[in-house]
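Coordinate inspection notes
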Protein chains: 6
Amino acid sequence: MLFHTLRRAIYPGSFDPVTNGHLDIIQRGCKLFDEMIVAISTNLEKTPLFSIEERREMITEAIAQINIGSCRLLVDNFQGLLMHYAVARDAHAILRGIRAISDYEYELQMALMNRRQEPRIETVFMMPAEAYSYVSSRLVKEVYQLGGTIDGLVPASIEVRMKQKLRREKG
Amino acid sequence: MLFHTLRRAIYPGSFDPVTNGHLDIIQRGCKLFDEMIVAISTNLEKTPLFSIEERREMITEAIAQINIGSCRLLVDNFQGLLMHYAVARDAHAILRGIRAISDYEYELQMALMNRRQEPRIETVFMMPAEAYSYVSSRLVKEVYQLGGTIDGLVPASIEVRMKQKLRREKG
Amino acid sequence: MLFHTLRRAIYPGSFDPVTNGHLDIIQRGCKLFDEMIVAISTNLEKTPLFSIEERREMITEAIAQINIGSCRLLVDNFQGLLMHYAVARDAHAILRGIRAISDYEYELQMALMNRRQEPRIETVFMMPAEAYSYVSSRLVKEVYQLGGTIDGLVPASIEVRMKQKLRREKG
Amino acid sequence: MLFHTLRRAIYPGSFDPVTNGHLDIIQRGCKLFDEMIVAISTNLEKTPLFSIEERREMITEAIAQINIGSCRLLVDNFQGLLMHYAVARDAHAILRGIRAISDYEYELQMALMNRRQEPRIETVFMMPAEAYSYVSSRLVKEVYQLGGTIDGLVPASIEVRMKQKLRREKG
Amino acid sequence: MLFHTLRRAIYPGSFDPVTNGHLDIIQRGCKLFDEMIVAISTNLEKTPLFSIEERREMITEAIAQINIGSCRLLVDNFQGLLMHYAVARDAHAILRGIRAISDYEYELQMALMNRRQEPRIETVFMMPAEAYSYVSSRLVKEVYQLGGTIDGLVPASIEVRMKQKLRREKG
Amino acid sequence: MLFHTLRRAIYPGSFDPVTNGHLDIIQRGCKLFDEMIVAISTNLEKTPLFSIEERREMITEAIAQINIGSCRLLVDNFQGLLMHYAVARDAHAILRGIRAISDYEYELQMALMNRRQEPRIETVFMMPAEAYSYVSSRLVKEVYQLGGTIDGLVPASIEVRMKQKLRREKG
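For every chain, the first residue of the written sequence is number 1, and numbering continues from 1 along that sequence. As they are written, the chains are lettered A onward and the ligands numbered 1 onward, keeping that order. Local features in this predicted model are restricted to residues whose pLDDT is 70 or higher, and side-chain atom pairs enter the listing and the counts only when it is 80 or higher, whereas totals over whole chains, interfaces and linings include all residues. In computing side-chain properties, one takes all heavy atoms of the structure into account and sets aside hydrogens as well as water.

**Some remarks on the overall build of chain A**
Quick reminder of the rule: Helix numbering and strand numbering both begin at the N terminus, where a helix is a DSSP run of H or I of at least 4 residues and a strand a DSSP run of E of at least 2. Radius of gyration: C-alpha atoms only; globule rule: 2.2 Å multiplied by the number of residues to the exponent 0.38. Think of it in three bands: residues with accessible area under 20% of the maximum for their type are buried, residues over 50% are exposed, and the middle band is partly exposed, with areas taken using a 1.4 Å probe on protein chains only. Note on contacts: a residue pair qualifies if any of its non-hydrogen atoms lie within 4.5 Å across the two residues. In these tables, accessible area is a Shrake-Rupley quantity obtained with a 1.4 Å probe, and a residue counts as shielded only by the protein chains included in the view. Asp and Glu are treated as the negative residues and Lys and Arg as the positive ones, with His and the ends of the chain left uncounted. In plain terms, the charge of a residue is placed at NZ if it is Lys, CZ if Arg, CG if Asp and CD if Glu.
Helix and strand content of chain A: 6 helices and 5 strands. Against the 2.2 N^0.38 benchmark of 16 Å for 171 residues, chain A shows a C-alpha radius of gyration of 16 Å, consistent with a compact globule. When the 171 residues of chain A are sorted by exposure, 63% land in the buried category. Counting contacts in chain A only where the partners sit at least 6 residues apart, residues at least 24 apart contribute 78% of the total. When the accessible surface of chain A is split by element, carbon and sulfur atoms take 50% of a total near 7,100 Å². Separation of charge centres in chain A, based on 22 positive and 21 negative side chains, amounts to 1 Å.

**With respect to the packing of aromatic side chains**
All names here are of chain A. Note the threshold: The rule is short: rings of Phe, Tyr and Trp, with Trp giving its six-membered ring, pair when the centres are within 6.5 Å, and they are stacked under 30 degrees, edge-to-face over 60, tilted in between.
Scanning the model with the defined rule gives 12 aromatic pairs over all chains in all. For the ring pair F78 and Y85, a centre distance of 4.9 Å and an interplane angle of 20° mean the geometry is stacked. Under the relative-accessibility criterion, F78 is labelled buried at 6%.

**Things to note about the packing of helix 4 (residues 104-117) of chain B against helix 5 (residues 137-145) of chain D**
Selection rule: The axes are straight lines fitted to the C-alpha atoms, using for helices just the contacting stretch, and the angles between their N-to-C directions are given from 0 to 180°. An angle counts as roughly parallel when it lies under 35 degrees, as roughly antiparallel when it exceeds 145, as roughly perpendicular when it falls between 65 and 115, and as oblique in every other case. Less than a right angle of anticlockwise turn of the near helix away from the far helix marks a crossing as left-handed, whereas a clockwise turn marks it as right-handed. The residue classification treats Ala, Val, Leu, Ile, Met, Phe, Trp, Tyr, Cys and Pro as nonpolar and Asp, Glu, Lys and Arg as charged. All others, Gly included, are polar.
Packing of helix 4 of chain B against helix 5 of chain D brings their axes to within 12 Å, and their N-to-C directions diverge by 45°. Looking at the two axes, helix 4 of chain B sits oblique to helix 5 of chain D. Pair helix 4 of chain B / helix 5 of chain D crosses with right-handed handedness. From helix 4 of chain B, B:Q109, B:M110, B:M113 and B:Q117 reach across to helix 5 of chain D, where they touch D:L139, D:V140 and D:V143. Split into classes, the residues belonging to the contact of helix 4 of chain B with helix 5 of chain D amount to 5 nonpolar, 2 polar and no charged.

**Section: the relation of the copies chain A and chain B**
Which entries qualify depends on this criterion: Copy-to-copy alignment: least squares on C-alpha atoms, limited to residues at pLDDT 70 or above in both.
Mapping chain A onto chain B calls for a rotation angle of 180° and an axial translation of 0.0 Å; the resulting RMSD is 0.0 Å. Here the two chains are linked by the operation of a two-fold rotation axis. In terms of proximity to the rotation axis, the leading residue of chain A is A:F125, whose C-alpha is 2.4 Å off the axis. Here 100% of the contact residues of chain A are again contact residues in chain B; the copies associate through an equivalent surface.

**A word on the nonpolar core**
Inclusion rule: Take the buried Ala, Val, Leu, Ile, Met, Phe, Trp, Tyr and Cys residues and link them wherever side-chain atoms come within 4.5 Å; each set so joined is a nonpolar core.
Formed by 312 residues in total, the largest nonpolar core has its most connected members in A:M36, B:M36, C:M36, D:M36, E:M36 and F:M36. With residues up to four places along the chain from it excluded, the contact list for C:M36 reads C:A9, C:Y11, C:I26, C:G29, C:C30, C:C71, C:R72, C:L73, C:L74 and C:L95.

**Some details on the environment of C:N20**
Residue and element names in this part refer to chain C. With respect to the helices and strands, the residue N20 is situated in helix 1 (residues 20-32). Counting along the chain gives 98 residues from N20 to E118, while the straight-line C-alpha distance between them is 30 Å. Beyond its immediate stretch of four places on either side in the chain, N20 contacts Y132, G152, L153, V154 and P155.

**Some points on the pairing of strand 2 (residues 35-41) of chain A**
All names here are of chain A. Where we set the bar: Strands are treated as partners if at least two bridges between them are detected by DSSP. Look down the strands so they point away from you; if the path from the first strand over the helix to the second goes clockwise, the crossover is right-handed.
Counting buried positions along strand 2 gives 7 out of 7 residues, so the element sits mostly inside the fold. Side-chain alternation along strand 2 places E35, I37, A39 and S41 on one buried face and M36, V38 and I40 on a second face that is also buried. Pairing between strand 1 (residues 8-13) and strand 2: 6 bridges, direction parallel. The partner of I10 across the bridge, within strand 2, is I37. A crossover connection joins strand 1 to the parallel strand 2 through helix 1 (residues 20-32); in handedness this β-α-β unit is right-handed. Here strand 2 pairs with strand 3 (residues 72-78) via 7 bridges, running parallel. Across the sheet, M36 pairs through a bridge with L73, a residue of strand 3.

**Let's talk about unusual backbone geometry**
A cis geometry characterises the amide bond from C:D16 onward to C:P17, with omega recorded as 5°. The phi angle at B:F15 is positive, at roughly 50°, despite the residue not being glycine. As for its placement among the helices and strands, B:F15 is situated in the loop between strand 1 (8-13) and helix 1 (20-32). When its relative accessible area of 1% is taken as the criterion, B:F15 is described as buried. Residue B:D90 is not a glycine yet carries a positive backbone phi of 60°. Looking at the secondary structure, you find B:D90 in the loop between helix 3 (82-88) and strand 4 (93-97).

**A short note on helix 5 of chain D**
In an α-helix there are 3.6 residues to a turn, and that puts residues three or four apart on one side. Looking at helix 5 of chain D, one finds that the buried residues are D:S137, D:L139, D:V140, D:K141, D:V143 and D:Y144. Positive backbone phi, approximately 95°, marks D:G147, located one or two places after helix 5 of chain D.

**Brief notes about the relation of the copies chain B and chain D**
Expressed as a screw transformation, the operator carrying chain B onto chain D has a rotation angle of 120° and an axial translation of 0.0 Å, and the superposed copies differ by an RMSD of 0.0 Å. The symmetry that links the two subunits is that of a three-fold axis.

**Section: the arrangement of the chains**
Separated in space, chain B and chain C share no contact, their closest pair of C-alpha atoms being 13 Å apart. Separated throughout, chain D and chain E approach each other most closely at a C-alpha pair spaced 13 Å apart.

**Considering the interface of chain A and chain B**
Short version of the rule: By definition here, a salt bridge exists when the distance from a side-chain nitrogen of Lys or Arg to a carboxyl oxygen of Asp or Glu is within 4 Å.
Taken together, the 34 residues of chain A in the interface contact 34 residues of chain B. Taken together, the links from chain A to chain B amount to 6 salt bridges. Across the side of chain A that touches chain B, the residue classes tally to 21 nonpolar, 4 polar and 9 charged.

**What about the environment of A:T19?**
Residues and elements named next belong to chain A. This is how the line gets drawn: Think of a polar contact as two N or O atoms within 3.5 Å of one another; within protein, one of them needs to be a possible hydrogen donor and the other a possible acceptor, and neighboring residues in sequence only count if both atoms come from side chains.
In this fold, T19 is placed in the loop between strand 1 and helix 1. Taking the C-alpha atoms as reference points, T19 and L32, separated by 13 residues in sequence, lie 21 Å from one another. Excluding residues within four positions of it along the chain, T19 makes contact with V135, S136, S137, V140, L153, V154 and P155. For T19, the side chain forms a polar contact with the main-chain nitrogen of G21, separated by 3.1 Å.

**Structural notes on the interface of chain B and chain D**
Under the convention used in this document: Summed over both partners, the accessible surface that disappears when two parts come together, traced with a 1.4 Å probe, is what is meant by buried area.
Listed as interface residues are 12 residues of chain B and, on the opposing side, 17 residues of chain D. Interface of chain B and chain D: buried area, both sides summed, is about 1,300 Å²; carbon and sulfur atoms make up 64% of it. The interface formed by chain B and chain D includes 0 salt bridges.

**Quick notes on helix 4 (residues 104-117) of chain F**
The test is simple: To estimate the expected span of a helix, count its residues, drop one, and scale the result by 1.5 Å.
The terminal C-alpha atoms of helix 4 of chain F, which comprises 14 residues, lie 20 Å apart, in line with the 20 Å expected from a rise of 1.5 Å per residue. The element helix 4 of chain F is largely enclosed, with a buried count of 11 among its 14 residues. Taken as a whole, helix 4 of chain F has its buried residues at F:Y104, F:E107, F:L108, F:Q109, F:M110, F:A111, F:L112, F:M113, F:N114, F:R115 and F:Q117. In this fold, the buried residues of helix 4 of chain F make contact with helix 5 (137-145) of chain B, helix 1 (20-32) and helix 4 (104-117) of chain E together with helix 3 (82-88), strand 4 (93-97) and strand 5 (122-126) of chain F.

**A word on the environment of E:T19**
Residues and elements named next belong to chain E. For T19, a relative accessible area of 2% puts it in the buried group. Considering only alpha carbons, one finds T19 and F33, 14 residues apart in sequence, at a separation of 21 Å. Those residues within four positions of T19 in sequence are excluded, and the remaining contacts are V135, S136, S137, V140, L153 and V154.

**Brief notes about the side chain of A:D76**
Residues and elements named next belong to chain A. Here D76 is to be found in strand 3. Among the polar contacts listed, one links the side chain of D76 to the side chain of R89, at a separation of 2.6 Å. In this structure, D76 is in contact with I37, V38, A39, I40, R56, Y85 and R89, ignoring residues within four places of it in sequence.

**A few points about the confidence of the model for chain A**
Quick note on the threshold: Each residue gets a pLDDT score, which is the predictor's confidence in that residue and runs from 0 to 100.
Looking at chain A, the pLDDT average stands at 91 and 92% of residues meet or exceed 70. Both scores are given for the predicted complex: the pTM is 0.93, the ipTM 0.91.

**Details of the pattern of salt bridges**
All names here are of chain F. Scanning the entire structure with this criterion turns up 97 salt bridges over all chains. For the salt bridge of E35 with R8, the shortest nitrogen-to-oxygen distance reads 2.8 Å. Of the two residues, E35 sits in strand 2 (residues 35-41) while R8 sits in strand 1 (residues 8-13), which places them 27 residues apart along the sequence. In this pair, the class of E35 matches that of R8, namely buried.

**What about the side chain of F:T123?**
Mapped onto the elements of the fold, F:T123 is located in strand 5. Classification of F:T123 as buried rests on a relative accessible area of 8%. If we skip the residues at most four places from it in the chain, F:T123 touches E:F125, E:M126, F:I94, F:R96 and F:A111.

As structure tokens, this is what we get:
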């Protein structure tokens, strides 16, 4: 009988809110890693729509709806340098989704900088389904706030949250 | 005690010849997968510089020189559709190197087509060291045949092979 | 005798101010559409240089100087989702200029999101003359405010407006 | 009552064979133009898989299966310069599909050269559905010849033709 | 004996702070130009980390450490339009580093706009070493402020300055 | 009185035939270098339209028509590695035109490989006028052979040569 190394990946992001594109990557990552930590970055200075606590809840609700096989999924948040967090969590890899459109060069730039910070941890890129090639949290919020549909771009539970949040803000 | 799934990746290519960029990706892949199959594609119609047999030997020699930890590495060749081969070998993933320069769009196009052929197997992209961002087998051959240096771009054992091959051809 | 469908396109933008690149696209669009609505978006939160009213006047003045054949041109402004506006105006298409440099990926991302909002309305891309491949409202303002020349990048009437505006602001 | 200009577009290509990506663009073009000519280019020196006559039949069969509203569709072939053909056919525009992946720069280069040949005729770009963002005739043939599936990438009638063609060639 | 034109280039930037990528380009530029002016732009509205005076000192210290042959190097700062400054300094060229990743299109757009401002002065692009292909002042600051390493990305003297600056700000 | 280093650049290419885009870069290069060698590469295996001798004549005729100030221009051809040739000619730089469209990544890849061959010689990129952003020798030949106009894309003397060459070939 063979024993293999347990492999753990960090999937970092701001997830404000989590989209179907993120969930698609989480499912794909779960085919390759034994454990995945969905790690909400709390560095960004700009005011987010959802608090860290809300985002944790939203991700937790959303991943309860998807099939992740025997993969162990954790939701967490971190402050400071991603690679310090990754070392502290004993991760083997950083997982990043890479879309046909618009984020390739930024992703490579970050991956090279992260490698310099911690060469033992690799960045791994996976591609979401074509249907999500244009979906970003920013665009989802923008469209929703203008009254557009985000059906199919975020899970139903997230759409409910967005409706509540924006009603609260307007009300 | 925990038992984890053994994870196997295919690293396909023509490897005519294998370069330091390929070996860099093999080492990185070995951090994430328990087994890797370096799989020489034999579909390409254009006449290669090295025969399949030579390329197998060259890869085998080259990987004997690098540190791959506990990763199990196999060298193989295949004909026909990559995804059929990957299923036959019970692989979880296709590994592809992705360079800052020049192959991003082609890689995404192939990955999407491969996903349609076999959705259970994911394509995973990793980045070679910056120093290899411009190295390709084609460019290595071109430069060498014009009398240029390929020192640092291929392992010493490959340079010896190239010298022999080109002397034989000219002689 | 044949009767054909009247075709109406929306040409959206912030037009702060309208440039020769915009006017070039308007002329090209007029070859393909029976009616075009130049539609100023009023969603952008950042403070524009010119008010909506000024921008409407400036576009109206500028299009009076160009040859648009039998095309019917309207200048309007809208708030909220572009696709809701396009439906309300019974448009067949959204027209977008696409420059060799710098906005391709953003344009595709928006076009796919807009298609999801309203699949009946197509986004159509046309290319401005090479001479305008680097002209944007933002760059025109930046250069002008630093004392540079914008001759040939905007119509003469717009340059007059910019001079007045910036004098007023400094004076 | 208003009478409008009938608008005619050329949709050029080698269509060896026609794919669902091409048909998707044809349907989108039919929303904007009163007449469309699907024009098979016969300039390419490399040996095609299907003859001009076969390609005309295949396109004719395929478009019989799709909804094109009141748009008048013609299938034709041409030799020589596309823009000479477009003038001879009294076209207003050249229609080109533009995919998120891989053909943007080539398309712009051709469009600028075509504009120089005949400035009165505009090139118009439309985007296929995301699902076709990686589909090309070349890739379809390559995959099919290696035994892969092209289900969903070409119409059923085209798949039958490919089966016949490749059996004939092998038999 | 031949007398040749002395050639002077401007190397503009915000240099907040100067990085090893900048110094690499300065050294390369010194092979081609007799005189180079490292010119700090003071237009940018956003609050910089270092004052103009500090940046001048930092560049001066850093270039004292590198080999620039017989090239005459000056450090200066300017306000207003780059091309006006370049004319005032009687420069023949603007030198810009161009990285494999991320700034190509912006650079071309600026170069075309600058050429329109002053056609006699050419923009010249050179490539930094691969190792600096992802280094930018912005990323260096971001990483350092999160506690990451910038060793090898900036000269030692700059790292000392950053430590002092950030300690002062926190203390 | 000051004495400055004479600076010599190689402008390599296949020039089959020389275009206005090439001549534009030659003029720009002449502003920066004291001597320029237009160097025809004779490595390419594919059959060119014009012989080396014809290409030398054509470039010589064409540059006689343009203003190059006091710059010394030579026309030459070389075989083998560009960087060996550049060293033999004691050049300081390789000059390459870089167009907004289509050759950026290939150019960077070659420049990095050339730097490895000979680190003392720098590659310098300059941008042609926007009007030439889509002009390539290949496209010029393709269009001309199909009966299109190349007026404004090549000098008149080159157009005459192309007419003669193609008549001879057909006659």
